[in-house]
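If you want the building blocks of each chain, they are given just below.
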Number of protein chains: 2
Amino acid sequence: MKKSALQIARASYQPKLPKALKGQVSIKEGTPTESVADQAEIKKLFPNTYGMPVISFEPSNESKNYPAITAGVILSGGQAPGGHNVIAGLFDGLKAINKNSKLYGFLLGPAGLIEHNYIELTSDIIDEYRNTGGFDIIGSGRTKLETVEQFDKGLEIIKQLGIQALVIIGGDDSNTNACVLAEYYKKINAGVQVIGCPKTIDGDLKNEMIETSFGFDTACKVYSEVIGNIQRDCNSAKKYWHFIKLMGRSASHIALECALQTQPNICIISEEVEEKNMSLDNVVTYIADIVAARAAEGNNFGTVLIPEGLIEFIPAMKKLIAELNDFLAKNGNEFAMIKKSEQRNYIINHLSSENSAIYASLPEGVARQLSLDRDPHGNVQVSLIETEKLLSEMVGKKLAEMKSEGKYTGKFAAQHHFFGYEGRCAAPSNFDADYCYSLGYTASALIAEGKTGYMSSVRNTTKPAEEWIAGGVPVTMMMNMERRHGEMKPVIQKALVKLDDAPFKYFASQREIWAKDTCYVYPGPIQYFGPTEVCDQPTITLVLEAQGK
Amino acid sequence: MKKSALQIARASYQPKLPKALKGQVSIKEGTPTESVADQAEIKKLFPNTYGMPVISFEPSNESKNYPAITAGVILSGGQAPGGHNVIAGLFDGLKAINKNSKLYGFLLGPAGLIEHNYIELTSDIIDEYRNTGGFDIIGSGRTKLETVEQFDKGLEIIKQLGIQALVIIGGDDSNTNACVLAEYYKKINAGVQVIGCPKTIDGDLKNEMIETSFGFDTACKVYSEVIGNIQRDCNSAKKYWHFIKLMGRSASHIALECALQTQPNICIISEEVEEKNMSLDNVVTYIADIVAARAAEGNNFGTVLIPEGLIEFIPAMKKLIAELNDFLAKNGNEFAMIKKSEQRNYIINHLSSENSAIYASLPEGVARQLSLDRDPHGNVQVSLIETEKLLSEMVGKKLAEMKSEGKYTGKFAAQHHFFGYEGRCAAPSNFDADYCYSLGYTASALIAEGKTGYMSSVRNTTKPAEEWIAGGVPVTMMMNMERRHGEMKPVIQKALVKLDDAPFKYFASQREIWAKDTCYVYPGPIQYFGPTEVCDQPTITLVLEAQGK
């Protein structure tokens, strides 16, 4: 494997650890915990793992001898920068506990456990992947660990390899499932601990005890680098509006963080659109008004950040999509017989008047996409809609109307971008390299202490790594009951952008100035070797959240 | 203006200069030069600036006193990383020559000279822009300086400000025009020198004396960073083929350099397609065969780099577009009367049989684009064609055919990317920061020596900056006669990718291995503060070209 110069130089980076994890560790247990909501139901579903205390680790002078540990690790779901460092931290932690400890990696996600595909992770392998991006060390996958059959099948290989503890690195769903697995193995006395690690670039797995999910920092910094470059271009050429869509379907944390880092003219926050019950036309008008106001000052250029999930947060669009799904499920055969050129009118004539009007207002391409391209379950594929183009097209139309009314004089030309894959597998920033390594290392300490049903937790992350607080949070503590696919299920609450939290409030206090003036900030590429104020900063979201507390 | 931490830290970077420029400078002149071709015509067109010697500067112990110089500077054409450093180098060089020297910047490109829009560039302004990307210090523009009226209008403000020398920073066309201007001002004894600087991210302004144009290094490194990230994702998720289009319409240097840096599975080089007279179907088949070969080994993923200008290099497409332009010019009115659903057939029935067949083979969207969207001159807008989607769609169809013939078993899912604006205004790499600063500094030395019609030249650039050779090349030396818009004109030869040069030959020797195996390299983000092998490397193109000499 040929390596780049940076990869070679970066391999020797030793991630920073919290003080408590550097030598001997003592454990401090808090009082029993409750779930965030639906306490009775959650307790009933998790009789063996409910109510456990929050744990923190502290430095200790007492030397303890631990037996060797054999552990397994799984990467679950979409890639996030730093996954390899979680595994490296876990490996180093296990070896520090007892040099005869072993670590197995299950291949291509949870499927590896069920199908008994694994490798032993030796120091040679680990060293190849330290501080690198990607999940290619053992691969990842989206199989969900949900059924007792899967749990039992997994247990076979766990027993065969002598594994005492399983570490599952994943998002909210994967960690929920990790807890169900922990509960099950405890119930049947399998003698297998299960520990989770909070991963997702989307940033929507966070709460009081989990300040941030890993990968969010790096991904946002990569996106902000290229957004900054585009803004510099925008401000040099002064002739385009750049519509930039950012990955993250269920929450707008990425768009918000990138806005805080780069100060674009416009950033749409899905959660706000939903809370204010804005229509697509409201969003378009909001953008068009800013374009017109800038044009009035001679500035026919600007930048717009758009979260990938926007369409599904617009209440009226959600209703339209629901009716379309229903309608096409019932009338799909008749619809298929209609001439392509007549399909649009057919739908307009058959939907409820409210949804019909919205459908009629959509650009032709999007309307066709909504009625034709359906997934195997018959649902329209919202993710295929190129929201950045949809918005710029509708803004263009709105501006043409405004021009004819004398409310706009200017030129409007748009460029489109979508950033997602560009950042999910970037090599981790120092923050993510340190944070991930600490999460993995913490997981090893939780294993040594015999814990199960915990998520590895590293807090106080706006301070230098030295002062970070390592410990464990019972996964049940983060749960509530939610309806999923028609059934009430225990799940970890998804953290959406909250409009009364400090990051959004700061953004909202600045956005009118950013819209009117040109206040672009150019963060530049992630740096690994420079001064600490350049290389070791957490996200602005984290800093504002910490200040807001 | 709020600055990022990196921007603040980077402001104090002192670009490295060639030894010869660090103190007193002596000038060494070579023998008279000839243009690369059409010597008699070029000599006739440039009687006052033809045949001048190549100049190099050398360190000197002799202290000379120069009078203060007043100079003007213009940024011309598309942005390229490092433009601000050319201006900073020019400014510092002028001040080193005589502290009372002055520099004016003309605003928004050559138009600023004609329209008399300018600012004085003081040290406060220069310091704000050192080592930053973009052209926003004075803006750029695409007005061409071509007519005597423009030259005379410019001369008014030049005389008014007491400017003795004009530095024009631009691509091949802008430097050609700079030379025409130099010739004119010399002819009329205006007493105004004109010096050019070689700028373009496309890398197509290079020759024996100009090793590389500035900005190419940084832009390619930014693109390679994100391509590398995508490749790491590709190799982790193992489920997508990523089709990545790269900016650069007239030459494939960017795609080639990015391929050398990242080792993708496939990279199309337009110049090869043209030279081998490949059809669109040939290109599609080439890609589909590699997709199928990888699928046969269980690898349903990969990366394809595509140069933006590909379509115009495919001889058959070029012919089709030419006939379409002609046909629609003549039959536009009749065509406009035809029902939209019949237009495709109408064109198929009216083109020559060869072009008709090609047109019929195009995906519907592209066919529509080629017949409907025309620019104000009535030409089809090739640049609007999303080549990356066109190719992936056609590859998908080809694979479906191959599947039905039992020649392919696999899954094909594609993702699309286009990188251009992401890199044009990135902050310059150390290489570009040093190279640009040296180019600007060299320009000041050429001015001090009374030269005109020269391009600033810095060579030996694969060695440490200390050993770079600074000097000047007569612009006429790089010229030949070419037909442009129906007229023979003197122009600087555009440097396309040459199939017998070292960079392409190395790529060609490796590509079969890269196609079959997964040999991705992950260059990571540009680093400014780390070890020299990470921070100070030139492009691989430059290194291979130097080795190939």
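Owing to the predicted nature of the structure, the values given are computational and were not obtained by experimental measurement.

Residues and elements named next belong to chain A. Summed over the entire model, instances satisfying the criterion amount to 28 aromatic pairs over all chains. Between Tyr184 and Tyr185, the aromatic rings sit 6.0 Å apart at their centres with planes inclined by 50°, giving tilted as the arrangement. Side by side, Tyr184 and Tyr185 carry an identical accessibility label, which is buried. Between Tyr437 and Tyr441 the ring centres are 5.9 Å apart and the planes differ by 45°, which places this aromatic pair in the tilted class. Residue Tyr437 and its partner Tyr441 are both found in helix 19 (residues 430–448); the two are separated by four residues, about one turn of the helix. Within the aromatic cluster, the residues linked to one another by ring pairs are Tyr104, Phe106 and Tyr118. Note that Arg294 overlies the ring of Phe301, its terminal NZ or CZ placed 4.9 Å from the centroid.

Our next topic: the UniProt feature "site: Important for catalytic activity and substrate specificity" (unreviewed entry) in chain A. Residues and elements named next belong to chain A. The UniProt record marks Asp173 with the feature "site: Important for catalytic activity and substrate specificity" (unreviewed entry), using the residue numbering of this structure. Tracing the chain through its elements places Asp173 in helix 7 (residues 172–187). With residues up to four places along the chain from it excluded, the contact list for Asp173 reads Lys144 and Arg484.

Before going further, it helps to spend a moment on the domain arrangement of chain A. Taken domain by domain, chain A comprises domain 1 (65–213 + 427–473), domain 2 (215–307 + 385–426 + 493–548) and domain 3 (310–383). In this structure, domain 1 of chain A and domain 3 of chain A have C-alpha centres spaced 42 Å apart.

All names here are of chain B. What the nine strands build is an open sheet, ordered 1-2-13-12-7-6-3-4-5; its pairing is mixed. The open sheet is flanked by strand 1 (25–32) and strand 5 (118–120), the only strands paired with a single partner. Averaged over all adjacent pairs, the angle separating strand axes in this sheet is 25°, with direction ignored. Here five bridges tie strand 3 (residues 70–75) to strand 6 (residues 165–170), and the two strands are oriented parallel to one another. Residue pairing across strands places Leu75 opposite Ile169, the latter belonging to strand 6. Relative to the sheet, helix 7 (residues 172–187) contacts strand 6, strand 7 (193–198) and strand 12 (454–459), its axis offset from that of strand 6 by approximately 160°. Across the face of the sheet, helix 19 (residues 430–448) comes into contact with strand 2 (53–59), strand 3, strand 6, strand 7, strand 12 and strand 13 (469–474) while running at roughly 135° to strand 12.

Time to look at the environment of Arg142(A). Relative to the elements of secondary structure, Arg142(A) occurs in the loop between helix 5 (123–129) and helix 6 (148–161). Counting along the chain gives 380 residues from Arg142(A) to Tyr522(A), while the straight-line C-alpha distance between them is 36 Å. The residues touching Arg142(A), leaving out its near neighbours within four places in the chain, are Gly77(A), Gly78(A), Arg424(A) and Lys239(B).

With that settled, the discussion passes to the relation of the copies chain B and chain A. Each of the two chain copies goes to the other by way of a rotation about an axis and a shift along it. Mapping chain B onto chain A calls for a rotation angle of 180° and an axial translation of 0.0 Å; the resulting RMSD is 0.0 Å. The superposition operator between the copies reduces to a two-fold rotation axis. Comparing contact sets, 97% of the residues at the interface of chain B also lie at the interface in chain A, consistent with an isologous, same-surface contact.

This part is about the environment of Ala413(B). Residues and elements named next belong to chain B. Inspection of the secondary structure puts Ala413 in the loop between helix 17 (387–404) and strand 11 (414–419). For Ala413, a relative accessible area of 28% corresponds to the partly exposed category. For the pair Ala413 and Cys436, spaced 23 residues apart in the sequence, the C-alpha separation amounts to 42 Å. Ignoring sequence-local partners within four residues, the contact set of Ala413 consists of Lys239, Tyr240 and Trp241.

Moving on, we come to the confidence of the model for chain A. Chain-level pLDDT for chain A is 94 on average; 99% of the residues reach the 70-or-more range. Among the prediction metrics, the complex's ipTM stands at 0.95, with pTM recorded as 0.96.

Residue and element names in this part refer to chain A. Within strand 3 (residues 70–75), six of the six residues are buried, which leaves the element mostly enclosed by the surrounding structure. On strand 3, burial covers both faces: Thr70, Gly72 and Ile74 on one face and Ala71, Val73 and Leu75 on the other are all buried. With four bridges joining them, strand 3 and strand 4 (residues 102–106) adopt parallel strand pairing. Bridge assignment links Thr70 to a residue of strand 4, and that residue is Lys102. In this view, the connection linking strand 3 to its parallel neighbour strand 4 by way of helix 3 (residues 83–97) has right-handed handedness.

Here the focus is the pattern of salt bridges. When their charged atoms lie close together, side chains carrying opposite charge are able to pair. In total, this model carries 62 salt bridges over all chains according to the counting rule given. Asp173(B) is paired through a salt bridge with Lys144(B); the nearest N and O atoms lie 3.5 Å apart. Remark: Lys144(B) occurs in the loop between helix 5 (123–129) and helix 6 (148–161) and Asp173(B) occurs in helix 7; sequence separation between them is 29 residues. Residue Asp173(B) is classed as partly exposed on the basis of its relative accessible area, which comes to 30%. A salt bridge links Asp173(B) to Arg484(B), with the shortest nitrogen-to-oxygen separation between them at 3.4 Å. Of this pair, Asp173(B) sits in helix 7 while Arg484(B) sits in strand 14 (residues 479–484), placing them 311 residues apart in sequence. Taking the relative accessible area as the measure of exposure, Arg484(B) reaches 23% and is therefore partly exposed. Via salt bridges that share partners, Lys144(A), Asp173(A), Glu482(A) and Arg484(A) belong to a single interconnected network.

Cut-offs and rules
- Every chain begins its residue count from 1, and numbering advances along the sequence as written.
- Both sets of labels track the order of writing: A upward for chains, 1 upward for ligands.
- This being a predicted model, a pLDDT of at least 70 is required before a residue's local features are given, and a value of 80 or more before pairs of side-chain atoms are given or counted; all residues contribute to the totals for chains, interfaces and linings.
- For side-chain calculations, the full set of non-hydrogen atoms in the structure is used, while hydrogens and water are omitted.
- For this analysis, a ring pair means two rings from Phe, Tyr or Trp (six-membered ring only for Trp) whose centres lie within 6.5 Å, classed as stacked if their planes differ by under 30 degrees, edge-to-face if by over 60, and tilted for the remaining angles.
- When a residue's accessible area, from a 1.4 Å probe over protein chains only, is under 20% of the maximum for its type it is buried; when over 50% it is exposed; and in between it is partly exposed.
- Runs of H or I in DSSP of at least four residues are treated as helices and runs of E of at least two as strands, each being numbered from the N terminus.
- Charges are assigned to positions over rings by a cutoff of 6 Å between ring centre and Lys NZ or Arg CZ, combined with an angular limit of 35 degrees from the ring normal.
- UniProt positions are given in the numbering used here, feature names are shortened, and annotations may be inferred rather than shown by experiment.
- Residues are treated as being in contact if the distance between any of their heavy atoms lies within 4.5 Å.
- The start and end points of each domain follow an automatic or database-based domain assignment.
- By definition, two strands form a pair when at least two bridges between them are found by DSSP.
- The convention used is that axes are lines fitted to C-alpha atoms, helices contributing only their stretch in contact, and that angles between N-to-C directions extend from 0 to 180 degrees.
- The copies were overlaid by least squares, fitting only the C-alpha atoms of residues that reach a pLDDT of 70 or more in each copy.
- The quantity called pLDDT is the predictor's confidence in a given residue, expressed from 0 to 100.
- A right-handed crossover is one whose linking path, passing over the helix from the first strand to the second, runs clockwise when the strands point away from the viewer.
- The salt bridge definition used is simple: a Lys or Arg side-chain nitrogen within 4 Å of an Asp or Glu carboxyl oxygen.

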